[in-house]
There are 2 protein chains.
Amino acid sequence: MTTAAFDFAPLLPSGLPAPAAKWAGLAKYSFIGGNNDPDQVPVDGLIEAVRAVLGREGRTLATYGLASGPQGYGPLREFLTSKLKRCAGIDCVADDILIVSGSLQALDLVNQTLLSRGDTVIIEQDTYQGALNRLTRLGVNATGIPLDHGGMRMDALAEALADLRRRGVIPKYIYTIPTVQNPTGTIMPEARRAELLDLAARYGVPIFEDDCYADLIWDGRRPLALHAMCRTGAVIHIGSFSKSIAPALRIGYIVAPWAVLSRMLALKTDAGTGALEQMVLAEYCRSHFAEHVPKLTRGLRAKLDTLTDALNEQFGTAAEFEVPKGGIFLWVKLPDHVDTLKLYQAALDAGVAINPGPEWSTGKAHAGSRLRLCFASPSHQQIREGIAVLAEVCRREFGVPARSANVETRAGRSI
Amino acid sequence: MTTAAFDFAPLLPSGLPAPAAKWAGLAKYSFIGGNNDPDQVPVDGLIEAVRAVLGREGRTLATYGLASGPQGYGPLREFLTSKLKRCAGIDCVADDILIVSGSLQALDLVNQTLLSRGDTVIIEQDTYQGALNRLTRLGVNATGIPLDHGGMRMDALAEALADLRRRGVIPKYIYTIPTVQNPTGTIMPEARRAELLDLAARYGVPIFEDDCYADLIWDGRRPLALHAMCRTGAVIHIGSFSKSIAPALRIGYIVAPWAVLSRMLALKTDAGTGALEQMVLAEYCRSHFAEHVPKLTRGLRAKLDTLTDALNEQFGTAAEFEVPKGGIFLWVKLPDHVDTLKLYQAALDAGVAINPGPEWSTGKAHAGSRLRLCFASPSHQQIREGIAVLAEVCRREFGVPARSANVETRAGRSI
């Protein structure tokens, strides 16, 4: 006798996201996800750090929060205070920091603390998909501000703030990735940061500064963080070790005034973020962070060169982009008639994974022919081969690039 | 010129929990929290496991999810399938398992998948505070079922199910900790488990089985899990490594049919659970779990003996309890007029942290003179001293135990 399976469907509340599909593995040529370069994981340094920190403090794993309290492992918060001061100009103490399980938990905690269904926030028009998806699920209206070479455009922001005020809407925050913006790679200059702070203050809107990619600047020089430039405590600053050390370690952080940090802490009911990962990061980074990052960025820079060379070779003038000064992604514009949502599916069938622009933008039309290419994870050879396959698929589906770039290139070389 | 600080208060939505207080450190004598014995953390084994697994696979930290997909590190799920079969009789494959960031994330994912505000669930009358608090925050009605020596009482459950049906209410799940129940320490016999499954099936209600403490049984023998006994896939089973290895490692798991697991996976938007912790657990547990656990439980059993001795010595007949067959906590009944919420505050002022009963029960009156004492973390000496201080505070505040137990005991011995 077989027994009928229990049916959960009638019990599910309305509004759930669609069920996840079974995982199908990584694409052969994967240009998606904030993955990093496997050759650049400091494996030996991490092993040595684990040995040292567990040998010294391993017994504390028996206690939730390592007897450091719910804000996270003390030595990691101490490292962050010095790192944030040195790199971003942020003056803070360990008590201003909450360690979280990746910057995605930071997004969740900030959103839970400030947002209700029907609220409005201001974000960059092209922005991080994870931030966008969260707002959609929360039923929050996202007003997208166009970007230029210097990041979010202040004329457009001023207009949006004035327009919202006329309509009686007070936005809950201005979310920005000012330092190596995702996906455009732009870095907002300090003068514009000052303008942004001024505008936000004039309208009484706090700023939510996502600095997750800020360590990855080729020349190592970055503008002051908005948090560092703000004198009223109106900036919630978040960051991560995913891009500087390894994304599979789920460690991020929030720097914010206690009035709002204490609210987020009350919502963080996970009994603490993974202690071993906090311990190993604190131990490794204290001695090695400053030397590791320039080595990492040299490697990323070389992969970006390979990617832009491959795009020029395969797509010619059909692919437009600005070469970013840091990061792990390139934002590419194809001819207007290319629909990157369709390209995404066709490319995936051919083993190439890309991020279609509309998933990374509030401007669905503006982003319709754009795509994001992440270059840190694939090898140089995978980048070259993958872009060649992508060009072939794009030509087949949309007629661009017009000729085989290989032929064109060979022809060019034979002249 | 000083600048006024930005005021976040007007931006906060209604219904937020109260802000967290600054952390004040651990109490001198701490009988709270699911902390474990610091002497029993297998520090050397964990260091060796990290060395081995990172040496072999460290490069995969550059990829979210370690290229194992969103359900968690493959080898950890493989370990779990064999461990769950061997210990709990559960037949499952790696694809039936979702690794989560501690069993608290499991509670959140199950609740998000099944519950809406106003729903009703059935739970054990005395139960885990973290489960209770979540239901309260979600606005879900929790019907508490009284327990006896064998766990949840089936006569009371049958009555509650019939009563809810009469009122047209279909409960969303029956939440139970059948194996070393928190806080009562009871273990539900297999015959009663069969009754529970039968009742649940008759009313079309799924079972949510929390097996977090099931590894910690003194004689190592446990009944089959409800999940193992159910033939219709109506049981969602969760577990954790917090109690068997170390709570500061935030690794738990869910075993459930794909129809509901795929819903939870869609709600798990944290880009994966900490990879290093998953890797080290898989590596360590594969070779050492089976030998580590009996060693751990021998130590816990000895601490429980110290605690019950101290209670008998200090409280005499004023403290009633059943000695559990496993676990890390003891559920204690004091005379009816003792208000453990008041005792909690007075004891804390004297350096002793306890869990007052009403925070661990739907029966506030029933639990008003009860308390939970966790015994894994404090040393034998701390247990003896802490219980002596607690008895002193209790005598001062409530007049019981009537005489100084020390004097009584000495008198007793001198006879």
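As shown above, the structure is provided for reference.
Residues numbered from 1 in each chain as written. Chains lettered and ligands numbered in written order. Predicted model: local features only at pLDDT ≥ 70, side-chain atom pairs only at ≥ 80, totals over all residues. Heavy atoms only, no water.

Caption draft 1: Focus on helix H8 (residues 258-267) of chain B. The element H8(B) is extensively covered by neighbouring structure, given that eight of its ten residues are classed as buried. Considered for burial, the residues of H8(B) that qualify are Val260(B), Leu261(B), Ser262(B), Arg263(B), Met264(B), Leu265(B), Ala266(B) and Leu267(B). Looking at the packing, one finds that the buried side of H8(B) touches helix H4 (129-138) of chain A together with strand S2 (97-100), helix H3 (103-114), strand S9 (235-240) and strand S10 (252-255) of chain B. (Buried < 20%, exposed > 50% of the residue type's maximum accessible area, 1.4 Å probe, protein only. Helix = DSSP H or I, 4+ residues; strand = E, 2+ residues; numbered from the N terminus. Contact = heavy atoms within 4.5 Å.)

Caption draft 2: Representation of the sheet that holds strand S14 (residues 370-374) of chain A in the model. Residue and element names in this part refer to chain A. The strand order across the open sheet formed by three strands is S11-S14-S13, and the pairing between neighbours is antiparallel. A strand with exactly one partner marks an edge of an open sheet, and here the two such strands are strand S11 (329-333) and strand S13 (355-356). In the packing of helix H9 (residues 275-315) onto the sheet, contacts are made with S11 and S14, and the angle to S11 comes to roughly 15 degrees. (Pairing = 2+ DSSP bridges. Axes fitted to C-alpha atoms, helices over the stretch in contact; angles between N-to-C directions.)

Caption draft 3: Here's a closer look at the relation of the copies chain A and chain B. Once turned by 180 degrees and shifted 0.0 Å along the axis, chain A lies on chain B with an RMSD of 0.0 Å. Considering both components of the superposition, the chain copies are consistent with a two-fold axis. A share of 100% of interface residues in chain A that are also interface residues in chain B marks the association as one of identical surfaces. (Least-squares fit on C-alpha atoms with pLDDT ≥ 70 in both.)

Caption draft 4: Fine view of the interface of chain A and chain B. Listed per partner, the contact involves 87 residues of chain A and 87 residues of chain B. When chain A packs against chain B, close to 7300 Å² is buried across both sides, 68% of that on carbon and sulfur atoms. Between the two partners, chain A and chain B, sit two salt bridges. With its nearest N and O atoms 2.2 Å apart, the salt bridge here joins Asp39(A) to Arg59(B). Inspection of the region where chain A meets chain B yields 28 residue pairs in polar contact (both at pLDDT 80 or more). When contributions to the side of chain A that touches chain B are tallied by element, the ones reaching two or more residues are helix H1 (43-57), helix H3 (103-114), H4, helix H8 (258-267) and H9 of chain A. Here the residues of the side of chain A that touches chain B are counted per class, giving 50 nonpolar, 21 polar and 16 charged. (Buried area = accessible area lost by both parts, 1.4 Å probe. Salt bridge = Lys/Arg side-chain N within 4 Å of Asp/Glu carboxyl O. Polar contact = N/O pair within 3.5 Å; in protein donor to acceptor, adjacent residues only side chain to side chain. Nonpolar A, V, L, I, M, F, W, Y, C, P; charged D, E, K, R; others polar.)

Caption draft 5: A look at the pattern of salt bridges. This structure, assessed with the given rule, holds 46 salt bridges over all chains. Where Arg286(B) meets Glu283(B), a salt bridge forms, and the shortest distance between an N and an O atom there is 2.9 Å. Within this pair, Arg286(B) and its partner Glu283(B) are both found in helix H9 (residues 275-315), separated by three residues, close to a single helical turn. Overall, Glu283(B) belongs to the buried group, its relative accessible area being 13%. Between Glu392(B) and Arg395(B) there is a salt bridge; the shortest N-O distance is 2.9 Å. Here Arg395(B) and Glu392(B) lie together in helix H11 (residues 380-398), a separation of three residues that amounts to about one turn. According to the relative accessible area criterion, Arg395(B) is buried, its value standing at 17%. Taken together, the shared-partner salt bridges connect Arg56(A), Glu57(A), Glu283(A) and Arg286(A) into one network.

Caption draft 6: Quick peek at the pairing of strand S9 (residues 235-240) of chain A. Residue and element names in this part refer to chain A. Of all six residues that make up S9, six are buried, and the element is covered over most of its length. Of the two faces of S9, the one holding Val-235, His-237 and Gly-239 and the one holding Ile-236, Ile-238 and Ser-240 are both buried throughout. In this structure, strand S8 (residues 207-210) lies alongside S9, joined through four bridges in parallel fashion. Residue pairing in the sheet places Ile-207 in a bridge with Val-235 of S9.

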